[in-house]
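Geometric and topological summary
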Amino acid sequence: MPSIESNDRLMLIIICTIPFAALLYCGLVFATVLTVPAAKTYPLIFGGVFALIPLVTGAAIWIGPRRDSHHDSAQ
């Protein structure tokens, strides 16, 4: 299977959609903090949770679901 970098159309889609997804997520965070009473009362806790969601998601994608021993380079 070819790598993602060699597929120009897929790379263009990824490069164009990630900023829009980030803007949508920021809008969701602002809307939640402005409308949910608990988020207004504890903004640091909700801000920390909203900051951890993309971090954990990115780390999970980076690491992958499982590392098989036959895929490691140190064989």
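Above this text sits the structure in question.
Residues numbered from 1 in each chain as written. Predicted model: local features only at pLDDT ≥ 70, side-chain atom pairs only at ≥ 80, totals over all residues. Heavy atoms only, no water.

**Concerning the overall build of the chain**
What counts is decided by this rule: The numbering of helices and of strands both runs from the N terminus, where a helix is a DSSP run of H or I of at least 4 residues and a strand a run of E of at least 2. For the area figures, the Shrake-Rupley method with a 1.4 Å probe applies, and any residue is considered shielded solely by the protein chains shown.
Scanning the chain from terminus to terminus reveals 3 helices and 0 strands. Moving toward the C terminus, one meets the helices and strands of the chain in the order α-α-α. With the model as given, the accessible surface of the chain reaches about 6,800 Å², and the carbon-plus-sulfur share is 74%.

**Side note on helix H3 (residues 43-63)**
Our working definition: Multiplying 1.5 Å by the helix residue count minus one yields the expected span of that helix.
A rise of 1.5 Å per residue sets the reference length of H3, with its 21 residues, at 30 Å; its end C-alpha atoms lie 30 Å apart and thus fit the reference within 8%. At the C-terminal side of H3, Gly 64 shows a positive phi close to 95 degrees.

**Digging into the packing of helix H1 (residues 8-35) against H3**
Convention followed: Inter-axis angles, ranging from 0 to 180 degrees, are taken between N-to-C directions of lines fitted to C-alpha atoms, where helices are fitted over the stretch in contact. Oblique is the label for any angle not covered by the other classes, which are roughly parallel (under 35 degrees), roughly antiparallel (over 145) and roughly perpendicular (65 to 115). Less than a right angle of anticlockwise turn of the near helix away from the far helix marks a crossing as left-handed, whereas a clockwise turn marks it as right-handed. Residue contacts follow a heavy-atom distance rule, with two residues in contact if any of their heavy atoms lie within 4.5 Å. Residue polarity is assigned by list, with Asp, Glu, Lys and Arg as charged and Ala, Val, Leu, Ile, Met, Phe, Trp, Tyr, Cys and Pro as nonpolar; anything else, Gly included, falls into the polar class.
Closest axis-to-axis distance for the H1/H3 pair is 11 Å, and the angle between their directions is 160 degrees. Compared by their axis directions, H1 and H3 come out roughly antiparallel. Regarding H1 and H3, the two cross each other, and that crossing is right-handed. Listed contacts from H3 to Tyr 25, Val 29 and Thr 32 of H1 are Phe 50, Ile 53 and Pro 54. Looking at side-chain class alone, the contact of H1 with H3 contains 5 nonpolar, 1 polar and no charged residues.

**Overview of a nonpolar patch on the surface**
Applied cut-off: A patch consists of residues whose relative accessible area exceeds 30% and which take part in no salt bridge; residues with like charges are grouped when within 9 Å of each other, and nonpolar side chains (Val, Leu, Ile, Met, Phe, Trp, Tyr) when within 5 Å. Within this document, salt bridges are pairs made up of a side-chain nitrogen of Lys or Arg and a carboxyl oxygen of Asp or Glu, the two lying within 4 Å of each other.
A grouping of Tyr 42, Ile 45, Val 49 and Ile 53 is seen on the molecular surface, where their side chains present a nonpolar patch of about 390 Å² in accessible area. Secondary-structure assignment places Ile 45 in helix H3.

**Overview of the packing of aromatic side chains**
The line we're drawing: Each pair of aromatic rings taken from Phe, Tyr and Trp, with Trp reduced to its six-membered ring, is defined by centres within 6.5 Å and is described as stacked if the planes are under 30 degrees apart, edge-to-face if over 60, and tilted in the remaining cases. Each residue's exposure class comes from its accessible area (1.4 Å probe, protein chains only) as a fraction of the maximum for that residue type: buried when under 20%, exposed when over 50%, partly exposed otherwise.
All chains considered together, the criterion is met by 1 aromatic pair. A ring pair is formed by Tyr 25 and Phe 50, whose centres lie 6.2 Å apart and whose planes are at 75 degrees; its orientation type is edge-to-face. Placement of Tyr 25 in helix H1 and of Phe 50 in helix H3 is noted, with a sequence separation of 25 residues between them. Take Tyr 25: its relative accessible area is 23%, and that puts it in the partly exposed class.

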